[in-house]
Amino acid sequence: MPSEHGGDDGVLPAGRRIPEATVARLPVYQRTLEELLRSGLTTVSSELLASAARVNAAKVRKDLSLLGSFGTRGAGYDTAFLIEQIDRRLGLDRAWPVVIAGVGNLGRALARSQGFASRNFEVVGLIDTDPAVIGQVVDGVVVRSPDDLAAVVEEARPAIGVVTVPAAVAQRVADLLVGAGIRSLLNFAPQVLDVPDDVLVRYVDLSIELQILSFFEAQRTHGASDDGEPMPVLGSSGRTPSPG
């Protein structure tokens, strides 16, 4: 069916690079679309999606056009189909095995997170150095020693490593994961990691997020943002440092 922009339905642009900013918004669109679908909306306009996701409608249309042409002029997008296409481009149409290094409170919470499983992320390995923790079972996964990481990788082929250790040992843990062949890391430690150029790192630093919120709270307190505009929806502080 013809799209809002006159293209063929469902055709993914071959080789088209999707900007990182767009990639960061796709999960927001996905979650919003799922909520709209649960509420009974089988079609959605870019304006409605933009309003629900608190994003400019033109930006929504531009972002979705990078995925392909899925909308119908005057009718909008098929909600379920658009969710499928976003899943496909995010790589969520397949399972991604995950290993978590650091089985403290945060590591355990992540290992037990239903959000991981619901998005096709399967925790297949848990690594910790504490002898009192090694051998424990968390949500069906046995905690193993770093010495066993090579065996975990051989058995389960994890694609993503999650670092939930203190900053002082984060680099050592990252080196261990990378050395075992893992090329994507999600780092919760407040430490910038030095990794090879072919390793992707995303950072989740809760203290930075709180500082950003404190900035906008201070702005609001002093009336600097009292202009009738809604407060911004802030994205993750995850970043991949440029080489050098």
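A quick note: this is a predicted structure, and the numbers were derived from the prediction, not measured.

## Quick word on the pattern of salt bridges
Evaluated as defined, the whole model comprises 9 salt bridges. In this structure, R25 and D63 form a salt bridge, with 2.7 Å as the shortest nitrogen-oxygen distance. One end of the pair, R25, is in helix α1 (residues 20-38); the other, D63, is in helix α3 (residues 57-65), with 38 residues separating them in the sequence. With a closest N to O distance of 2.4 Å, R220 and E217 form a salt bridge. Remark: E217 and R220 occur in helix α9 (residues 206-221); sequence separation between them is 3 residues, near one turn of the helix.

## Side note on the packing of α1 against α3
Running from amino to carboxyl end, α1 crosses α3 at an angle of 105°, the nearest separation of the two axes being 11 Å. When the axis of α1 is compared with that of α3, the two are roughly perpendicular. Contacts from T22, R25 and Y29 in α1 reach K59, V60, D63 and L64 in α3. Among the residues making up the contact of α1 with α3, the classes are represented as 3 nonpolar, 1 polar and 3 charged.

## Here's the deal with the pairing of strand β8 (residues 160-163)
Taking every second residue as pointing to the same face, both faces of β8 are buried, with I160 and V162 on one and G161 and V163 on the other. Once the chain exits β8 it traverses helix α8 (residues 167-179) before rejoining the sheet at strand β9 (residues 184-187), and the crossover so formed is right-handed.

## Considering the side chain of Q30
Tracing the backbone shows Q30 in helix α1. We classify Q30 as buried; its relative accessible area is 3%. In this view, Q30 contacts I86, D87, L90, L92 and R119; residues no more than four positions away in its chain are not counted.

Calculation rules
- Residues numbered from 1 in each chain as written.
- Predicted model: local features only at pLDDT ≥ 70, side-chain atom pairs only at ≥ 80, totals over all residues.
- Heavy atoms only, no water.
- Salt bridge = Lys/Arg side-chain N within 4 Å of Asp/Glu carboxyl O.
- Helix = DSSP H or I, 4+ residues; strand = E, 2+ residues; numbered from the N terminus.
- Axes fitted to C-alpha atoms, helices over the stretch in contact; angles between N-to-C directions.
- Parallel < 35°, antiparallel > 145°, perpendicular 65-115°, else oblique.
- Contact = heavy atoms within 4.5 Å.
- Nonpolar A, V, L, I, M, F, W, Y, C, P; charged D, E, K, R; others polar.
- Buried < 20%, exposed > 50% of the residue type's maximum accessible area, 1.4 Å probe, protein only.
- Right-handed = clockwise from strand over helix to strand, strands pointing away.

This is a description of form; function is not addressed.
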